[in-house]
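# Results of the structural survey
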Amino acid sequence: MINRKAFWIALALVAAMLAAAVWRISLLPDWTHLPRYGVNGVAMSPVSSAILFVAPGVVLFFMARLTWRARTARNPGESLQPWKKYGNVFLVLISVIVTLAQTFIITRSLGLLLTMNPRVLLVIMGLLSMAISNALPKLPWLHSRIAFLDLDPDKGARFLRYKGWLGVFLGLAVVLSGLFLPFNVISPVVLSMAAVVVIIGVAYRFSGRRGQPQ
Amino acid sequence: MNSVFKALSDPTRRHILQLLRKREMNAGEIAEHFAIAKPTLSAHFAVLREADLIGSQKQGTTITYRLKLSVLEDALLAFAETVGLGLPAAPKLRKETGKVR
C-alpha cells in the first residue's frame, strides 16, 4: 500500500529521529529523564526519556499497519489504487509531522526555542488529523482475507465514513484543546479523547459485523 | 471545489447522493427513484463523477455507483439539504409498467 519512495522517506526520518534521540540521551546527566519547559520557557517536571522513542514508534506502527492491510487484502483489484495513493500521502505526512514534533521536543529540552509556543504543535497535529480523516470516506472498502475483519461493501463504506467523521472531530478537539485548555491538562485530555475515539471506532467496527451473512 | 459546489447545488444530484448513502446502486436502481429521462440522469452522474463525489464500476453492461464523499463534502451536502439550495427536488415518482405516475 506504500510505494518505495514513501517507504524510504519514512524510514530515513525514523533513522534520523532515532539517531537524534540517542544523541540527546547521551548528553543527559540523568539519561532516564528529559528536561521539559512549558509556555514562555517555564521549567516543568522532567519527563521520561522514553518519549523520544514515541515518534519513530508511531511511524513504524503506521508503516506496518499499511503494509499488513495491503497484504491481507482480498481480491483488491482497482480498490487498492486509491488506498495506495492515500497510504503514501498519509505515511509521508505522519512522518514529517512527528519528525517536527521530535525536533521540537529535543530543541526545547536543550533550552532552545523557548519563546515558541508549544500549543502551535498541537494545532498543527489537530489540523493534520482533520485533513487525513477528511479523505478517508472517499476510499473504497478493502476486503480482508481474514473473514473476522471483513465487512460487506456497504457496511465497510459506512464504517469508513464514521471513522472519517470521528477523526475530524478528534482533530478539531485537539486544535481547540491546544488553543484554549490550560497547558498542564492538554496531554491527559487529548490522550483520553484519542482513547475514547479508538474505543468507539472499534465498537462501531465490530457492531457493523452483526447480522452479516458472510 | 467549484465542481463540488456545482454538483451539490442541484436537488436531483443531492437526492442521488442520499440514495447512495444507503448502499451501492446501479444506474437502473437509481433511475427507479426519478421520473426523468435516462440521458438527463446520465448527465447528473457525469457531473457527480467529475466532482469526484461518486465512483463507478462497470461489470458487464451494468454500472454500479458508490458514494465518494469526504467529510467536508458530506457536511456541505447536509448544509445544502438544510438550506434547500437550488430548485425544488424532483418528485419522487416510481416508474411502473413503463408509465410514470
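Residues numbered from 1 in each chain as written. Chains lettered and ligands numbered in written order. Predicted model: local features only at pLDDT ≥ 70, side-chain atom pairs only at ≥ 80, totals over all residues. Heavy atoms only, no water.

This next bit is on the sheet that holds strand β3 (residues 62-67) of chain B. Residues and elements named next belong to chain B. Here 3 strands make up an open sheet; going across it, the order is β1-β3-β2 and the pairing antiparallel. Strands with a single pairing partner mark the edges of an open sheet, and in this sheet they are β1 (25-26) and β2 (54-59). Bridge count for β1 against β3 is 2 bridges, and the pairing is antiparallel. If you follow Met25 over to β3, its bridge partner there is Tyr65. (Pairing = 2+ DSSP bridges. Helix = DSSP H or I, 4+ residues; strand = E, 2+ residues; numbered from the N terminus.)

Attention now goes to the domain arrangement of chain A. All names here are of chain A. Each domain of chain A was delimited in the assignment, giving domain 1 (1-115) and domain 2 (117-214). Here the C-alpha centroids of domain 1 and domain 2 sit 19 Å apart. With 24 residues of domain 1 at the interface, the matching set in domain 2 holds 23 residues. Of the roughly 2,200 Å² buried where domain 1 meets domain 2, counting both sides, 74% is carbon and sulfur surface. By the criterion of area lost to domain 2, the three top residues of domain 1 are Arg74, Trp83 and Tyr86, representing 28% of everything that side buries. In this structure, the salt-bridge partner of Arg74 is Asp150, at a minimum N-O distance of 2.5 Å. Applying the counting rule to domain 1 against domain 2 returns 8 residue pairs in polar contact (both at pLDDT 80 or more). Sorting the residues of the side of domain 1 that touches domain 2 by element identifies α2 (54-71) and α3 (80-109) as the ones contributing at least two each. When residues in the side of domain 1 that touches domain 2 are grouped by element, the largest group, 11 residues, is from α3. Considering only residue class, the side of domain 1 that touches domain 2 consists of 16 nonpolar, 4 polar and 4 charged. (Domains from an automatic or database assignment. Contact = heavy atoms within 4.5 Å. Buried area = accessible area lost by both parts, 1.4 Å probe. Salt bridge = Lys/Arg side-chain N within 4 Å of Asp/Glu carboxyl O. Polar contact = N/O pair within 3.5 Å; in protein donor to acceptor, adjacent residues only side chain to side chain. Nonpolar A, V, L, I, M, F, W, Y, C, P; charged D, E, K, R; others polar.)

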